[in-house]
Amino acid sequence: MKEMKKNLLLLFLLLPVALTGCINKKETSTKLVEHIDPFIGSVAKSKYYGRTFPGAVVPFGMVQLSPDTETAKDNTTGYSFKHKTIEGFSFVRLSGVGWFGEFGNLLVMPTNGELQTSRGNVAKPESGYRSRFSHDTEHAEAGYYSVHLDDYDVKAEMTATEHVGLLRFSFPKDSSNRIQIDLARRIGGTSVKQYIKVIDNQRIEGWMHCNTDGGGWGDGRIHNAKYTVYFSAEFSRPFQSSGVWTADIPKNQSRKWDGVNSKKYQRLIADSRIINGVTELEGEHLGFIANFPDLHCGEEVMFKAGISFVDLEGARNNLDTELKHWDFEKVVDEARHKWEKALNVIQIEGATDEQKQVFYTGMYHAMLDPRRFTDVDGRYYGGDHQIHQTNNFTCRTVFSGWDAFRSHLPLLTIIDPESVNDVVCSLVEKAELGGMGLPKWEIASSYSNCMLGDPAIPVILDAYRKGITDFEINAAYKYSKQTVMGPNTLRNGWKEYNQLAYVPCDSSDRWRGYYKGLSATLENCYADWCVGQMAKDLGFEDDYAMFNERAQYYKNVYDSETGYMRGRLSDGSWLPWNSKLDFGGTGCIESNPFQQMWFVPHDVRGLEKLLGKERFLSELEELFEKTPQDFNFNKFYNHANEPVHHVPYLFNYTHKPWLTQKWVRIIMSQAYSTGPYGIKGNEDVGQMSAWYILSAMGFHPVCPGNNQYELGSPLFAKVVVKLDSRYYPGQTFTIIANNNSPENVYVQSVSLNGKPLKRTFITHEEIVNGGELIFEMGDQPKLNN
């Protein structure tokens, strides 16, 4: 009997272990969506980390609902894992960018206790409506986020559809329980005018208008940038009473970032008037309060809102179409299903758990933007700031051009060609309606003129040559030509460039072009090459000859005395020379001459001839050998920033292609990992992740627009890419790496569809026709390949 009891006790003790084992086994064989960790890269710290956000979003969703930890100058996503307080949960944001932030509109916060109308400061959270929280209570997965707000003892949860955000708050028993909505709040400043209407005791609607007077992206330096976020919202239960807080803003008060974040301004907001029972109000700084004094402990109140950049009717229609019910778990499940479908275009085998997490979270980040900007009825806010209707494409926004043309959009041409077609249609529309050529960095149908070059042009060429052609190519060519030639463009120093064949560092373009003429010249040359290639494909021979010549202007900023690219003044003289490592100097932006000299993607052989073969290789080797192995921001191979992202693949143009294989493996291993610090450098709206995804598959473009991907060192034993039959003839493309391991990084041989591949690149046509690319891997370089 004792033995039986002993055995039963042992079985009882072991049962949880056995059950845990079953659960773990089930999880490891489960869905790809389980590998997404939205916390990867979620630290905002100078230039060094990812700046992603952990909140709820579906692929390319207009709503990106997430916690906001601090409205700070360099916290453009709204969230940083470093912070210990939460201001609230807003419906729209950017992912992974630096500079002054944008969006952060419709900030919702559950509170109780003394009513506060300002967000308060980080050092003293109780001075405002913000709350302390612990990362121990945070949970994030694809389409879902939750956290416990310590100061209010409220559990906050959220999920989303494409145009609707849904929040669920579990309150304590407290007669002062309420939900506050800050209508003025904006990550990079403030909205300048707001409107709120109480329909009944469960429904509200309104809008927040933003323009450059209120700061925002670039702290209001964007030409004619403006947008209005409309919302239509419902509470899951009636509020017992409501009110509005309003602040009177002096006419001479700055409402850009510094002004809004000053103590004076925040005191002004803290002293807002409370107007109880108001049913409709328009003002310059408004907030709404819904009171729920009779809740029991743990009782829930949900809040859902559809948003639109078109009008209130659009917001209502978006809400009614996408979310008529209050089934929170159903929305979470649907969001997970959408992500599973999106991720399922790439299946990988032979990856560690950490690699799966980095890879599929990378795909997640690469599918946040360019996001939908079209309402469910096909209407959108256009480049002329008027409302338009489309039936043949989805208008997209947040085109991080200077970043995205390198890896992000090329990746999407393979895994989601329809999104690329939408992007091209949207860019051409902006050029047609906006009147200033193709945008560099488009946001909310506004030109931001952020960074340099003409990145929309390689995106258009790359799409067209890859068979993504559901757009008007003649219009695309017309605006591409206008963009590079002028007039009425935002091209850096375009007049001087046309006259001098380089952008002088004393250019009349005094914002982003001033003293950045070297970088601008090199970017312009590549864009000119892209226009020339379009002209060639369309049969415009004279244009082709002209732009082909302009593509060689990069030689005009090569200084034979120093042996490096160097900025010039309009009189032809060179800028003073400090060193090749002079970061931000000698005519460079976000780079130095050592890094910038490699940006001649359209003519690598010409650059090699300019430097000499031996020096071309030795300089490349030095660039990588002196790179810090933590891959933080540095003066050598600076993977944390975009200008060098193609450079590891330039070894393929030398007699040492195995150095490409070596270094791409090291970069994937050292510059990417799990956790909040897992992305070394701003994620930049999907670019950093896209570089990893392409490189992990075993290839990456050097020159988007020439349809070639340089071969590297595949990270996994097997990758299967499902191809979109609406665009491509093949069904799947499979990459196999035999004898692959962390040590076996060197390619011994490559075959395509059973035939030896005696070159270091593969073409887009070869991928999308379907088939099998096989790498044989080893631990030593293959010296004769």
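That block above? That's the structure.
Residues numbered from 1 in each chain as written. Predicted model: local features only at pLDDT ≥ 70, side-chain atom pairs only at ≥ 80, totals over all residues. Heavy atoms only, no water.

Q: It is not clear to me how the packing of helix H11 (residues 473–485) against helix H14 (residues 541–550) should be interpreted in this structure. Could you clarify?
A: Think of two packed helices as two axes; the pair is described by the angle between the axes and how far apart they sit. The N-to-C vectors of H11 and H14 enclose an angle of 40°; their axes lie 13 Å apart at closest approach. Judged by the angle between their axes, H11 and H14 are oblique. Judged by the twist between their axes, the crossing of H11 over H14 is left-handed. On the side of H11, the interface is formed by Tyr477, Lys481, Val484 and Met485, while H14 contributes Asp543, Met546, Phe547 and Arg550. Class assignment for the residues of the contact of H11 with H14 results in five nonpolar, no polar and three charged. (Axes fitted to C-alpha atoms, helices over the stretch in contact; angles between N-to-C directions. Helix = DSSP H or I, 4+ residues; strand = E, 2+ residues; numbered from the N terminus. Parallel < 35°, antiparallel > 145°, perpendicular 65-115°, else oblique. Left-handed = near helix turned anticlockwise from the far one by under 90°. Contact = heavy atoms within 4.5 Å. Nonpolar A, V, L, I, M, F, W, Y, C, P; charged D, E, K, R; others polar.)

Q: Even after reading the chapter, I still don't get the sheet that holds strand E13 (residues 193–200), so can you show me in this structure?
A: Picture the strands of a sheet paired through backbone hydrogen bonds; they go either parallel or antiparallel. Strands sit in the order E6-E7-E8-E9-E20-E15-E14-E13-E18 across an open sheet of nine strands; the sheet is antiparallel. Each end of this open sheet is capped by a strand with a single partner; those strands are strand E6 (139–141) and strand E18 (280–283). Taking each pair of neighbouring strands and ignoring which way they run, the sheet shows an average axis angle of 15°. Across seven bridges, E13 lies against strand E14 (residues 203–211) in antiparallel orientation. Of the residues in E14, the one forming a bridge with Lys197 is Glu205. (Pairing = 2+ DSSP bridges.)

Q: I'm lost on H14 in this one. Help?
A: Since the α-helix packs 3.6 residues into each turn, any two residues three or four apart lie on the same face. Within H14 the residues assigned to the buried category are Asp543, Phe547 and Arg550. Taken end-on, H14 shows its buried residues confined to a sector of 50°, consistent with a single buried face. Relative to its buried face, H14 has exposed residues pointing more than 90 degrees away, namely Asp542 and Glu549. Contact partners of the buried residues in H14: H11, helix H12 (494–500) and helix H13 (517–538). (Buried < 20%, exposed > 50% of the residue type's maximum accessible area, 1.4 Å probe, protein only. Arc of directions from axis to C-beta.)

Q: Would you mind showing me how to read helix H6 (residues 353–366) here?
A: End to end, H6 covers 20 Å across 14 residues, agreeing with the expected 20 Å (1.5 Å per residue, within 8%). The complete set of buried residues in H6 reads Val358, Phe359, Tyr360, Thr361, Gly362, Met363, Tyr364, His365 and Ala366. Turning to H6, the residues buried within the fold contact helix H5 (328–343), strand E21 (346–349), helix H8 (408–415) and helix H19 (687–697). (Expected span 1.5 Å × (residues − 1).)

Any functional reading would require information beyond the geometric quantities listed.
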